[in-house]
Amino acid sequence: MKLKDIELKNISKFRAEHMGLAMIFIVLFHVSLPRSDAFFGLRRMGNIGVDIFMFLSGIGLWYSWVKSQAHDSGFIRKWCKFYWRRLQRVYPAWIVIASLYYIPRFLKYDTHTAAQWVDLFGDILINWGFWQHDELTFWYVPAIMMLYVIAPPYMEMIRRCGVYRWMVILPLMWCIITQYVTPVHQAVGHIEIFWSRVPIFLLGINIAESIRSGQRIDGKAIWMILLLFAVSLSACLWLEQMRHGRFPLFLERMLYIPLTVTLLLLLTRMLEHTPRWFNAAMIWIGGISLEVYLIHSEFVLKPLSRLHLGYWPTFFITIAIAFPAAFLLQKILKKII
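To start, this report covers the structure provided alongside it. Along each chain, residues carry numbers from 1 onward, in the same order as the chain's sequence is written. Thresholds applied to this predicted model are a pLDDT of at least 70 for local features of residues and 80 or more for the giving and counting of side-chain atom pairs; totals over whole chains, interfaces and linings are not thresholded and use all residues. Working from all heavy atoms in the structure, the side-chain values ignore hydrogens and water.

Here we take up the overall build of the chain. Think of it this way: any DSSP run of H or I at least four residues long counts as a helix, any run of E at least two long counts as a strand, and we number them from the N terminus. Each helix and strand in the chain was counted, giving 17 helices and two strands. Computation of the radius of gyration draws on C-alpha atoms alone. For the globule rule, the value is 2.2 Å times the number of residues to the power 0.38. The C-alpha atoms of the chain give a radius of gyration of 21 Å, which matches the 20 Å a tight globule of 337 residues would have. Once the C-alpha set of the chain is aligned to its principal axes, its extents read approximately 70 × 55 × 50 Å. Taking the intrachain contacts of the chain between residues at least 6 apart in sequence as the baseline, contacts between residues at least 24 apart amount to 78%. In what follows, residue pairs with any heavy atoms lying within 4.5 Å of each other are defined as contacts.

What follows is the structure, encoded as structure tokens:
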């Protein structure tokens, strides 16, 4: 029996469903759980949802950049239009949620110095607390916006000369440098969570043309994919369950690279056979994933955690509150903008 070929274009076809699943993984990750629990390692691995978003973002950006070749001339003009479209999607929701979070925190101060005012506006506009001292409250937003800045020159470079796709090796090297080269670590090691996600983002850009052109992988490769998935998954589970907090996190995130790619290939095959209602639900969640990310942790999960309801009740209640709130926020912003 001949195994069905793996169609890479289906990664893009099911992009929204993948984003919906990734958002659920992230919510699972953010719900606290004692380390003694047998589910702790798997729950910790929910942060692979971030890597899925990074990889899919890289693919989507390449599609957008190639499409712009037919309409715009001049790199600067294309870059400005490209970045403006990204800002229109991310910034309105970010400004609303960042204001709701940072302004009340600012008002709690007894005094309001010039430095505190500068810090407030810096946090609301670009979340500079993340870049300064690794404030992780909404770290994904400044991280992805920075990647949007570096993406156009990288995409233009590999469009003109494909061999530069090998530049993805550079951020892999940089992760090691920032961890173990002391002067570099002291200067920028605090944003390791950003550096360790750059490779998977660039890899998404690198593979996007193969997806866009409809390339296929021989069906027999499924056994290799399953092997890579099983090895990386089991290694990550063991590290999280048994060695959490005892190793540099970037090491596990290097394992996340093959795990993310193989997981998406397997999920794509799965989504070809799942019921329509399931795919529709994942598409809906994927469409509000940014708003869910901004709302669920600080505004829903933290108040709920004080009630000590347990892991799964907290998770399901968080979804029941955060998802409709995110949908409502998106609708309001669309009407205003």
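Picking up after the structure, the text goes on.
Another aspect to go through is helix H12 (residues 198-212). To estimate how far a helix should reach, multiply one less than its number of residues by 1.5 Å. Taking 1.5 Å per residue, 15 residues should reach 21 Å; H12 reaches 21 Å between its end C-alpha atoms and fits that length. Of all the bends in H12, the largest measures some 30° and sits at Asn 206. Exposed residues in this analysis have more than 50% of their type's maximum accessible area, buried residues have under 20%, and partly exposed residues fall in between, with area computed by a 1.4 Å probe over protein chains only. In terms of burial, H12 is a largely internal element, 11 of the 15 residues being buried. Inspection of H12 places Val 198, Pro 199, Ile 200, Phe 201, Leu 202, Gly 204, Ile 205, Asn 206, Ala 208, Ser 210 and Ile 211 among the buried residues, and these make up the whole buried set. In this structure, the buried side of H12 is in contact with helix H1 (9-13), helix H4 (48-68), helix H8 (140-160), helix H9 (169-180), helix H11 (192-195) and helix H14 (249-271). Positive phi appears at Gly 214, one or two residues downstream of H12, with a value of about 75°. Two axes are fitted around each residue, one to the seven residues ending there and one to the seven starting there, and the angle between them is reported as the bend at that residue.

Glancing now at the nonpolar core. Each nonpolar core is a collection of buried residues, namely Ala, Val, Leu, Ile, Met, Phe, Trp, Tyr and Cys, held together in the definition by side-chain atoms within 4.5 Å. Within the largest apolar cluster, 97 residues are counted, with the highest numbers of intra-cluster contacts made by Met 54, Phe 201, Ile 205 and Leu 294. Among the elements that take part in this core, H4 stands out by supplying 12 residues, more than any other. Ignoring anything within four residues of it in the chain, the contact list for Ile 205 reads Gly 58, Ile 59, Trp 62, Ala 151, Tyr 154, Met 155 and Ile 158.

With that out of the way, let us pick up H14. Given 3.6 residues per helical turn, the α-helix brings residues three or four places apart onto the same face. Given a rise of 1.5 Å per residue, 23 residues ought to cover 33 Å, and the 31 Å separating the end C-alpha atoms of H14 matches this to within 8%. When the local axis directions of H14 are compared, the greatest deviation, roughly 30°, occurs at Tyr 256, which is followed within four positions by the proline Pro 258.

Okay, the pattern of salt bridges next. Salt bridges are defined by distance alone: a side-chain nitrogen of Lys or Arg within 4 Å of a carboxyl oxygen of Asp or Glu. Summed over all chains, the structure comprises 14 salt bridges. Where Arg 159 meets Glu 156, a salt bridge forms, and the shortest distance between an N and an O atom there is 2.7 Å. Separated by three residues within a single helix, Arg 159 and Glu 156 lie in helix H8, roughly one turn from each other. For Arg 159, a relative accessible area of 37% translates into the label partly exposed. Of the charged contacts, one joins Lys 302 and Glu 298 as a salt bridge, the two residues approaching to 3.1 Å between their closest N and O atoms. Here Glu 298 and Lys 302 lie together in helix H16 (residues 289-305), a separation of four residues that amounts to about one turn. Here the salt bridges share partners, and the residues they tie into one network are Lys 78, Glu 156, Arg 159 and Arg 160.

A few words on the packing of helix H5 (residues 75-107) against H16. Here the axes come from fitting lines to C-alpha atoms, over the contacting stretch only for helices, and the angles between their N-to-C directions go from 0 to 180 degrees. Viewed as axis vectors pointing N to C, H5 and H16 meet at an angle of 10°, and their least axial separation amounts to 9 Å. Between H5 and H16, the angle is such that the two are roughly parallel. In the crossing of H5 with H16, the sense of the turn from one axis to the other is right-handed. On H16, the residues touching Arg 89, Val 90, Ala 93, Trp 94, Ile 97, Leu 100 and Tyr 101 of H5 are Leu 290, Glu 291, Leu 294, Ile 295, Glu 298 and Phe 299. By the convention adopted, Pro, Cys, Tyr, Trp, Phe, Met, Ile, Leu, Val and Ala count as nonpolar, Lys, Arg, Asp and Glu as charged, and the other residues, Gly among them, as polar. For the contact of H5 with H16, the per-class residue count stands at 10 nonpolar, no polar and three charged. Orientation categories follow fixed angle ranges, with anything under 35 degrees roughly parallel, anything over 145 roughly antiparallel, 65 to 115 roughly perpendicular, and all other angles oblique. Should the near helix be turned anticlockwise from the far one by less than a right angle, the crossing is left-handed, and should it be turned clockwise, the crossing is right-handed.

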